[in-house]
Amino acid sequence: MARTLIRGAAIVTMDTQGDLAQGDILVTGDSITEIAPRLHVDDAQVVEARGCIVIPGLVNAHMHTWQTALRGVAANWTLLEYFRKMHAGLATVFEPEDMHIATLAGALNQINCGTTTLADWCHNNRTPQHNDAAIAALQQSGLRAAFFHGTPKPEPGPGERPFWEIPHPRAEIERLRKRHQGEALLDIHAAVLGPHYSTLEVALHDFRMARELGLIASLHQGGGPARTPGGWDRLEAEGLLGDHVNIVHGHALSDAQLQRFCELGMSFSAAAENEMSQGHGHPITGRLRQFGRAPSLGVDLESVLGGDMLSQARIALGMQRSLDNVAWREAHGTIPTTSTITTREALSWVTLEGARMLKQEHRIGSLAAGKQADLVLVRADMLNMQPVHDLVNTVVMQTSLANIDSVMVAGRWKKREGRLLEVDLAPVLTSLAASGRRVTESLGLQIS
Ligand SMILES: [Zn+2]
């Protein structure tokens, strides 16, 4: 089995072993075998990593990767404009090849930015061919992925059944699960409407389906009034809530609901930058922390913002610190004596918390012997990083894409010395541009 020795790097494990100012990581096959200050191995390929900080591969817990060819299109839209122009507009003209190229380019960009696991929340899939195209692209990229199978949200035409009355297509999700069973880098889960966006009957159907099939049920919660206000109570009464349920956004939940959902072990994903931009409200980071919990984070929409997860950690951290600091000033009339949240906690949102959301914390999210070899070499000997006084502070606050030197997924290098491997980007970008042009022009969209 192939062995790689990553030698002489500073290592942020996010594990009980703690950080190493200088250490070696031995990778065997797809897994980490050992992490120690100095390892002596004869038969491994040695990668000299002096000047780098190794961190766990980042986990993007929520992204609609199908929108990659529409980068920037929605940058000035509120959530209401986004529903109308994206879901009821641009989304409706996507063909399977549009899904493929957007998902491929989006996934490759995630690797390029240091993400090794992506929760792809795919809800523009009106035919099985759309699903197959998106999944083929995830596989082609080499990223570790969870494909969350969703459903489109078009404006219902005359005589058409509205999307919120349509139960999740169980047969399709079963087809996908059967087809991709046992694949090392791909899981299939359910992106459901939930009580915020569907009728009670649909919510009950979808949550029962997730429970019966052993799927994570992820749903958006927020953005206007809930379609089924009492839906959560019914779902709990039916025993359908638990640690397999993931709430994205969550602003509309009351404190009592949030506390109860934390007790039930449900997970939460925030898309801090997009939530602030589109009008959702403040990310719920601080509200979760008061119940001893934390969010995972997601990019959500590349049609609005950039795909880099460390930026998301930085923005979520800054936003919550701002809220906490203002609250302190209002209560005490002074500047706070200390920060409420550390950079290490922010790094956990894009590593460990993402792993927990995907129920994969035993395999990914930190660097430890026995875990999957998903890791990033952050080049720290550059102008924007030196000098390094604290590894985590530098990683969270200083790192840019220029510092993402190498990325390994399941023991295989996907990026080395600043370049993606095994991919010719020129035809990808040409096809991506053509798809973006076709989709926007088909609706005569004016981008301003
Ligand atoms: Zn979303």
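For clarity, every value in this text was computed on a predicted model and none was experimentally measured.

So, about the pairing of strand 6 (residues 58-63). A regular strand places its side chains so that they alternate between the two faces of the sheet. In terms of residue burial, strand 6 counts as a mostly covered element, since six of its six residues are buried. Bridge count for strand 6 against strand 7 (residues 115-122) is four bridges, and the pairing is parallel. Bridging from a neighbouring strand, V59 pairs with T117 of strand 7.

What follows is about unusual backbone geometry. Note that the residue after Q386, namely P387, is joined by a cis bond; omega there is -10°. Within the element layout of this structure, P387 appears in the loop between strand 14 (375-379) and helix 14 (391-398). Within the chain, H249 stands out as a residue other than glycine whose phi angle is a positive 75°. By the element assignment, H249 lies in strand 11 (residues 245-249). Exposure remark for H249: the 28 C-beta atoms within 10 Å place this residue in the buried category. One non-glycine residue with positive phi stands out, namely K359, at about 55°. Following the sequence through the fold, K359 ends up in the loop between helix 13 (352-357) and strand 14. According to the C-beta neighbour criterion, K359 is partly exposed, with 16 such atoms within 10 Å.

As a further point, take the domain arrangement of the protein. As assigned here, the protein comprises domain 1 (3-56 + 366-417) and domain 2 (58-353). Computed over C-alpha atoms only, the centres of domain 1 and domain 2 are separated by 29 Å. Looking at the side of domain 1 that touches domain 2, the elements that each hand over two or more residues are helix 14, strand 15 (404-409) and strand 16 (412-416). In terms of residues, the side of domain 1 that touches domain 2 owes the most to one element, helix 14, which gives five residues. Taken together, the residues of the side of domain 1 that touches domain 2 sort by class into 12 nonpolar, three polar and three charged.

Structurally, F94 can be placed in the loop between helix 1 (79-87) and helix 2 (96-112). According to the C-beta neighbour criterion, F94 is buried, with 24 such atoms within 10 Å. A sequence separation of 73 residues divides F94 from A21, and the C-alpha atoms of the two residues are 49 Å apart. Apart from residues no more than four positions distant in its own chain, F94 is found in contact with W66, M99, N124 and V439.

Attention shifts here to the sheet that holds strand 7. Read from one edge to the other, the open sheet built from eight strands follows the order 6-7-8-9-10-11-12-13, with strand pairing classed as parallel. Here the strands that pair on one side only, and so sit at the sheet edges, are strand 6 and strand 13 (296-297). Where strand 9 (residues 186-191) lies against strand 10 (residues 217-221), two bridges are found, and the strand directions are parallel. Paired with A190 across the strands is A217, a residue of strand 10. Along the sheet face, helix 3 (residues 128-141) touches strand 7, strand 8 (144-149) and strand 9 and points at about 165° away from the line of strand 8.

Cut-offs used in this document
- Residues numbered from 1 in each chain as written.
- Predicted model: local features only at pLDDT ≥ 70, side-chain atom pairs only at ≥ 80, totals over all residues.
- Buried ≥ 20, exposed ≤ 12 C-beta atoms within 10 Å, placed from the backbone.
- Helix = DSSP H or I, 4+ residues; strand = E, 2+ residues; numbered from the N terminus.
- Pairing = 2+ DSSP bridges.
- Domains from an automatic or database assignment.
- Nonpolar A, V, L, I, M, F, W, Y, C, P; charged D, E, K, R; others polar.
- Contact = placed C-beta atoms within 7 Å.
- Axes fitted to C-alpha atoms, helices over the stretch in contact; angles between N-to-C directions.

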